[in-house]
Amino acid sequence: RPGRVRLLGFGLIAAGAGGIVASAGGGEWAGHAVFLACGLAWAAATVRLRQSGLTALDATALTCVYSLAYVPLYLLSGASRLGGAAWGELAVQAVYQGVLASAVALLAFNRAVALIGARAPGFTALVPVLATLAGVVVLGEVPGALEVAAVAAVAAGVLLSAVGGTRISRTV
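Quick notes on the overall build of the chain
Turning to step 1, where the next piece is worked out: In terms of helices and strands, the chain carries eight helices and zero strands.
Turning to step 2, where the next piece is worked out: Starting at the N terminus and walking to the C terminus, you meet the elements of the chain as α-α-α-α-α-α-α-α.
Turning to step 3, where the next piece is worked out: Dimensions of the chain, computed from C-alpha atoms along their principal axes, come out at roughly 60 × 45 × 30 Å.
Turning to step 4, where the next piece is worked out: Here the chain, with 172 residues, has 20% of them falling under the buried criterion.
Turning to step 5, where the next piece is worked out: In the chain, of all internal contacts separated by at least 6 residues, the share reaching a separation of at least 24 is 77%.
Turning to step 6, where the next piece is worked out: Looking at the chain as shown, the accessible area adds up to about 11,800 Å², and 71% of this sits on carbon and sulfur atoms.
Turning to step 7, where the next piece is worked out: Averaging the locations of the 10 positively and 5 negatively charged side chains of the chain gives two centres separated by 25 Å.

If you want it as structure tokens, here you go:
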């Protein structure tokens, strides 16, 4: 069971996530809300992975195989625009997204879950923090006060949820 410090960390993550959604202007809130829902689903899947007893490789293989079942449905739906893309571009995207971003990243994440344990779901909350920082550095975006506070709350929450219940030794 999580202790008080970890629960405080989870609360800060939730408050920060809510602040990120609330900071969105116009129709962006819906996109942020969908990201929030995806984050909750990802956290639930991470916890379930720990309970399943599957190895990182087994979980990755199952995910990739089941994901392939979606491809024919997508192609038959008429939503695909793959027919208009150059073969070279399709090959690059197949390797990058199909192998690196999907299989390799998922395998690495699943292995991290196996190594880190119960604290792993909290680390996924760092995604909006890192995305905000990347937006500042790469795109020159300037977050508003509510966004800065929300991102700070998430970062503090991740820290507390990661160290809560563990002793931190002090060296002099």
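Describing a nonpolar patch on the surface
Turning to step 1, where the next piece is worked out: A cluster of nonpolar side chains, Leu 68, Tyr 70, Val 71, Leu 75 and Leu 82, forms an exposed patch at the surface whose accessible area comes to about 490 Å².
Turning to step 2, where the next piece is worked out: With three residues, the top contributor of residues to the nonpolar patch is helix H4 (residues 70–77).
Turning to step 3, where the next piece is worked out: Along the chain, Val 71 falls in helix H4.

Focus: the state of the cysteines
Turning to step 1, where the next piece is worked out: Throughout the structure, instances matching the rule amount to zero disulfides.
Turning to step 2, where the next piece is worked out: Sulfur of Cys 64: no disulfide; nearest cysteine sulfur belongs to Cys 38 and is 18 Å away.
Turning to step 3, where the next piece is worked out: Residue classification places Cys 64 among the partly exposed positions, given a relative accessible area of 26%.

Some thoughts on the packing of aromatic side chains
Within a pair of aromatic rings, the relevant descriptors are the distance that separates the centres and the angle that separates the planes.
Turning to step 1, where the next piece is worked out: This structure, assessed with the given rule, holds two aromatic pairs.
Turning to step 2, where the next piece is worked out: Geometrically, the ring pair formed by Trp 42 and Phe 109 is tilted, given 5.2 Å between the ring centres and 55 degrees between the ring planes. Residue Trp 42 is located in helix H2 (residues 28–52), and its partner Phe 109 is located in helix H5 (residues 87–116); the two are separated by 67 residues in the primary sequence.
Turning to step 3, where the next piece is worked out: Ring geometry for Tyr 70 versus Tyr 74: centroids 5.8 Å apart, planes at 25 degrees, classification stacked. Here the residue Tyr 70 and the residue Tyr 74 both occupy positions in helix H4, the gap between them amounting to four residues, near one helical turn.

Digging into the packing of helix H1 (residues 4–22) against H2
Turning to step 1, where the next piece is worked out: Close contact between H1 and H2 brings their axes to 8 Å; oriented N to C, the two are set at 155 degrees. Taken as axis vectors, H1 and H2 run roughly antiparallel relative to one another. Residues Ala 17, Ile 20 and Val 21 of H1 lie in contact with H2, whose contacting residues are Trp 29, His 32, Ala 33 and Leu 36.
Turning to step 2, where the next piece is worked out: For the contact of H1 with H2, the residue count by class is six nonpolar, one polar and no charged.

A short note on the packing of H1 against helix H8 (residues 145–163)
Turning to step 1, where the next piece is worked out: The N-to-C vectors of H1 and H8 enclose an angle of 155 degrees; their axes lie 7 Å apart at closest approach. By the angle class used here, H1 and H8 are roughly antiparallel. Crossing geometry of H1 relative to H8 is assigned as left-handed. In contact with Val 5, Arg 6, Leu 8, Gly 9, Phe 10, Leu 12, Ile 13, Gly 16, Ala 17, Gly 19, Ile 20 and Ala 22 of H1, H8 contributes Leu 146, Ala 150, Val 151, Ala 153, Val 154, Ala 156, Gly 157, Val 158, Leu 160 and Ser 161.
Turning to step 2, where the next piece is worked out: Residues belonging to the contact of H1 with H8 are distributed by class as follows: 16 nonpolar, five polar and one charged.

Conventions used here
- All chains use their own residue numbering, which begins from 1 and follows the written sequence.
- It should be noted that, the model being predicted, local features are given only for residues of pLDDT at least 70 and side-chain atom pairs only at 80 or more, the latter also being counted only at that level, while totals for whole chains, interfaces and linings use all residues.
- The basis for every side-chain value is the complete set of non-hydrogen atoms in the structure, without hydrogens or water.
- Here a helix means four or more residues in a row that DSSP labels H or I, a strand means two or more in a row labelled E, and each is numbered from the N terminus.
- Each residue is assigned to one of three classes by its accessible area relative to the maximum for its type, calculated with a 1.4 Å probe on protein chains only: buried under 20%, partly exposed between the two thresholds, exposed over 50%.
- The contact criterion used is simple: two residues touch if any of their non-hydrogen atoms lie within 4.5 Å.
- For accessible areas, the Shrake-Rupley method is used with a probe of radius 1.4 Å. Any residue's cover is judged against the shown protein chains and nothing else.
- As used throughout, the charge tally considers Lys and Arg to be positive and Asp and Glu to be negative, leaving His and the chain termini uncounted.
- In this description, the location of a charge corresponds to atom NZ of lysine, CZ of arginine, CG of aspartate or CD of glutamate.
- Patches draw on residues past 30% relative accessible area with no salt bridge. Two like charges within 9 Å are joined, as are two nonpolar side chains (Val, Leu, Ile, Met, Phe, Trp, Tyr) within 5 Å.
- Any Lys or Arg side-chain nitrogen located within 4 Å of an Asp or Glu carboxyl oxygen qualifies as a salt bridge.
- Here, two cysteine sulfur atoms that lie within 2.5 Å of each other are counted as a disulfide.
- Only centres within 6.5 Å qualify two rings of Phe, Tyr or Trp (six-membered ring in Trp) as a pair; their planes then separate them into stacked at under 30 degrees, edge-to-face at over 60, and tilted for everything else.
- Where helices are involved, their axes are fitted lines through C-alpha atoms of the stretch in contact, as for all axes, and angles between N-to-C directions lie from 0 to 180°.
- Note on terminology: angles under 35 degrees are roughly parallel, angles over 145 are roughly antiparallel, angles of 65 to 115 are roughly perpendicular, and the others are oblique.
- The nonpolar class holds Ala, Val, Leu, Ile, Met, Phe, Trp, Tyr, Cys and Pro. Asp, Glu, Lys and Arg form the charged class, and all remaining residues, Gly among them, are polar.
- Here is the rule for handedness: rotate from the far helix to the near one, and if that takes an anticlockwise turn smaller than a right angle the crossing is left-handed, while a clockwise turn gives right-handed.

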